[in-house]
Amino acid sequence: MDLRLIAFFVLSSLSIAAALGLVLMRNVVYGALCLGFCLTMVAGLYALLGADFVFAAQILIYVTAIAVIFLFAVLLAGRRVELTAKPFNATAPAAALVSLAVFVMLGSILWSAKSAWGFLTASPSATTAEISALLMGPYALGVEILGVMLLASLVGAVILARSLAVDKEERK
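Being a predicted model, the structure only gives us computed values, none of them experimental.

Chemist: I tried to follow the overall build of the protein chain on my own but got confused; where do I start?
Modeler: Each helix and strand counted, the protein chain has six helices and zero strands in total. Mapped in sequence order, the helices and strands of the protein chain form the string α-α-α-α-α-α. For the protein chain, the proportion of its 172 residues judged to be buried stands at 14%. Residue pairs at least 24 apart in sequence account for 62% of intrachain contacts in the protein chain once pairs closer than 6 positions are excluded. Approximately 13,200 Å² of the protein chain is accessible, and the part contributed by carbon and sulfur atoms is 76%.

Structure (structure tokens):
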């Protein structure tokens, strides 16, 4: 058995286990940790495929965003009671049935299109130089606009959090 295949099965099974842990955890903090672990395993899959830019973006953007989610869960939830929630409710059986149906449907589509899987044997190549040339070339204005929009949303979130804290203090 090839070492890359073993690494794929280990990373994918750990990713699936972390995703299940995320869905089934009652504690928000543990759920955020499971989400961070799941996204780290997905980043490992990207590295295994040779997608170096996507690997770095996954680690820098998504996994570090889990730290922000973790902080918001702890700081904004305040009381210990709000940190735990019931993961199942009346819609859980219907959601499981719909999820199973989507899984079967996607599996059958992939199985019927297995003759087109020839593109998966292509050798990976470095993608960072090509993507950076595009982002700093014709798409530079779009990247700058996206940065300004993200900064504005961050400032809005801070203003909203402060106004909620002021309202909470005025009620006391």
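Chemist: Sorry, what's going on with the packing of helix α1 (residues 3-24) against helix α2 (residues 28-49) here?
Modeler: Axes are the key here: two packed helices are described by the angle between their axes and the distance separating the axes. Where α1 contacts α2, the axes come no closer than 8 Å and their chain directions differ by 160°. As summarised for this structure, α1 and α2 are arranged roughly antiparallel, according to the angle between their axes. Taken as a pair, α1 and α2 cross one another with a handedness that is left-handed. Residues R4, A7, F8, L11, S12, L14, S15, A18, A19, G21 and L22 of α1 form the contact with α2, whose participating residues are G31, C34, L35, F37, C38, M41, V42, G44, L45, L48 and L49.

Chemist: How should I be thinking about the state of the cysteines in this particular structure?
Modeler: Where two cysteines share a covalent bond between their sulfur atoms, that bond is called a disulfide. Applying the stated criterion across every chain, the model contains zero disulfides. Free of any disulfide, C34 has its nearest cysteine sulfur in C38, 8.9 Å distant. For C34, a relative accessible area of 15% puts it in the buried group.

Chemist: Which parts of the structure should I look at to understand the side chain of Q58?
Modeler: As for its placement among the helices and strands, Q58 is situated in helix α3 (residues 52-77). In terms of polar contacts, Q58 uses its side chain to reach the backbone carbonyl oxygen of L39, at 3.2 Å.

Rules used throughout
The written sequence of each chain sets the order in which its residues are numbered from 1. Given that the model is predicted, a residue must reach a pLDDT of at least 70 before its local features are reported, and side-chain atom pairs must reach 80 or more before they are shown or counted; all residues, however, enter totals for whole chains, interfaces and linings. In computing side-chain values, all of the structure's heavy atoms are included and hydrogens and water are not. Only DSSP runs of H or I covering at least 4 residues are called helices, and only runs of E covering at least 2 are called strands; the numbering of each starts at the N terminus. Using a 1.4 Å probe on the protein chains alone, a residue whose accessible area is under 20% of its type maximum counts as buried, one over 50% counts as exposed, and one in between counts as partly exposed. Residues are treated as being in contact if the distance between any of their heavy atoms lies within 4.5 Å. Each accessible area value is a Shrake-Rupley result obtained with a 1.4 Å probe; residue values ignore everything except the protein chains displayed when judging cover. Angular values range over 0 to 180 degrees, each being the angle between N-to-C directions of two axes fitted as lines to C-alpha atoms, with helices fitted over their stretch in contact. Any angle between 65 and 115 degrees counts as roughly perpendicular, while under 35 counts as roughly parallel, over 145 as roughly antiparallel, and the rest as oblique. Left-handed describes a crossing in which the near helix is turned anticlockwise from the far one by less than a right angle; the clockwise case is right-handed. We call a pair of cysteine sulfur atoms a disulfide whenever their separation is within 2.5 Å. Counting of polar contacts relies on pairs of N or O atoms within 3.5 Å, with two restrictions inside protein: one atom must be capable of donating a hydrogen and the other of accepting it, and residues adjacent in sequence are counted only when both atoms are side-chain atoms.

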